[in-house]
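Examining the three-dimensional arrangement
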Amino acid sequence: MLTINQLEASYGGIRALRGVSLRVEQGEIVAVLGSNGAGKSTLLKAISAVVKPTAGEILLEGVPTPRVPYRVVEAGIVHVPEGRQIIPNLTVYENLMIGCFLRNDHQQIQKDLEMVYHYFPRLEERKKQYGGLLSGGEQQMLALGRGLMAKPKIMMLDEPSLGLAPIIVNQIFEILTTINREQGATILIVEQNAYKALSIAHRGYMMTTGLVEAEGNAQELLERENLEEIYLGQA
Ligand code: ATP
């Protein structure tokens, strides 16, 4: 579904991506892991056309992705950014509707809204509340719901666990697994929380300083000794 070949990107003199290759197949959850500054967010931003790659290619179903952010969404790639970026003075419902601003299939939009409320009942309970009044966990749910409202072919999640209590992270990751299983949602998830991400992923890639250092199925990566020590610098 998504194929990245030898992708490079820089900020001035800083080479954030130094030839990253990876793939995500339809229906997979793929985790990209690595410590602070490894280049994970830059990878997602390059796919979203927020950051311009200096080399390499990004293919969606074999076709190069557009280089304008809203067209990337139109092509079927949605980015749920780090920090959620909920609009605080819009209601939960209005925030969700932003997710489908490029769609006009109104009946299907209504069905997708029901699907989002089904997976995140909290959002339905709070649909008239302002986004800014939600807890961190609810805001993350809203960001995921808004992503789903775009009806993407692939959803990219940047650090969905960031700043959330472990019990909330568990809840959210469980919902992601269910959506993947029941809806066949394809998910590329970037996380510093390697164990958590690998516990729901099918496959994973470990990044350090702009390079993929290791890849494999999630179970293999989880069984590596000193996973955190070697790749995440957190031991
Ligand atoms: P984090 O978990 O902290 O977001 P990351 O793995 O996502 O880490 P990136 O944010 O992609 O890493 O950063 C990769 C490198 O690029 C780092 O060295 C970082 O300092 C640098 N960088 C990121 N954004 C910018 C920017 N806007 N301007 C300059 N340098 C940047």
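Please read these numbers as outputs of a predicted model, since none were measured by experiment.

Attention now moves to the packing of helix H6 (residues 136-148) against helix H7 (residues 166-183). Between H6 and H7, the shortest axis-to-axis distance is 10 Å and the interhelical angle comes to 15°. In terms of orientation, H6 and H7 fall into the roughly parallel class. The crossing of H6 and H7 is right-handed. Residues Gly-137, Gln-140, Met-141, Leu-144 and Leu-148 of H6 touch H7, and the partners they reach there are Ile-168, Gln-171, Ile-172, Leu-176 and Ile-179. Split into classes, the residues belonging to the contact of H6 with H7 amount to 7 nonpolar, 3 polar and no charged.

Where a strand is regular, its side chains alternate between the two sheet faces. Pairing of strand E1 (residues 2-11) with strand E2 (residues 14-24) involves 8 bridges; the strand directions are antiparallel. When the sheet's bridge partners are listed, Leu-7 is paired in E2 with Val-20. Bridge count for E1 against strand E4 (residues 55-60) is 5 bridges, and the pairing is antiparallel. Counterpart to Glu-8 in the pairing with E4 is Ala-55.

Our focus in this paragraph is the site of the ligand. Surveying the vicinity of the ligand reveals 14 residues, the closest of which are Asn-36, Gly-37, Lys-40, Ser-41 and Thr-42. Between Ala-38 and the ligand, the recorded distance is 3.0 Å, taken from a backbone N or O atom to an oxygen atom. In this structure, Glu-159 approaches the ligand through a side-chain N or O atom, which is 3.4 Å from an oxygen atom. Expressed as a share of its isolated accessible area of 620 Å², the protein-covered part of the ligand is 64%. For the shell around the ligand, the secondary-structure elements that each account for two or more residues are E2 and helix H1 (40-47). Taken together, the residues of the shell around the ligand break down into 4 nonpolar, 7 polar and 3 charged.

Looking now at the nonpolar core. Ranked by size, the top nonpolar core spans 46 residues in total, and within it Leu-96, Phe-120, Leu-123, Leu-144, Leu-157, Leu-176 and Ile-189 carry the most contacts. In this structure, Ala-9, Leu-22, Ala-49 and Val-72 belong to the second largest nonpolar core, which totals 28 residues.

Tallied over the full model, the rule gives 10 salt bridges. Here Arg-71 makes a salt bridge to Glu-74, at a shortest N to O gap of 3.1 Å. On the criterion of helical spacing, the pair formed by Arg-71 and Glu-74 is a turn pair, its members being 3 residues apart in helix H2 (residues 69-75). Owing to a relative accessible area of 40%, Arg-71 belongs among the partly exposed residues under this scheme. For Arg-103, the salt bridge goes to Asp-112, with nearest N and O atoms at 2.9 Å. Both residues of the pair, Arg-103 and Asp-112, belong to the buried class. One salt-bridge network, in which partners are shared between bridges, spans Arg-103, Asp-105, Asp-112 and Lys-151.

Procedures and definitions
Residues numbered from 1 in each chain as written. Predicted model: local features only at pLDDT ≥ 70, side-chain atom pairs only at ≥ 80, totals over all residues. Heavy atoms only, no water. Axes fitted to C-alpha atoms, helices over the stretch in contact; angles between N-to-C directions. Helix = DSSP H or I, 4+ residues; strand = E, 2+ residues; numbered from the N terminus. Parallel < 35°, antiparallel > 145°, perpendicular 65-115°, else oblique. Left-handed = near helix turned anticlockwise from the far one by under 90°. Contact = heavy atoms within 4.5 Å. Nonpolar A, V, L, I, M, F, W, Y, C, P; charged D, E, K, R; others polar. Pairing = 2+ DSSP bridges. Near = heavy atom within 4 Å. Polar contact = N/O pair within 3.5 Å; in protein donor to acceptor, adjacent residues only side chain to side chain. Areas by Shrake-Rupley, 256 points an atom, 1.4 Å probe, with all protein chains shown as cover. Core = buried A, V, L, I, M, F, W, Y, C linked by side-chain atoms within 4.5 Å. Buried < 20%, exposed > 50% of the residue type's maximum accessible area, 1.4 Å probe, protein only. Salt bridge = Lys/Arg side-chain N within 4 Å of Asp/Glu carboxyl O.

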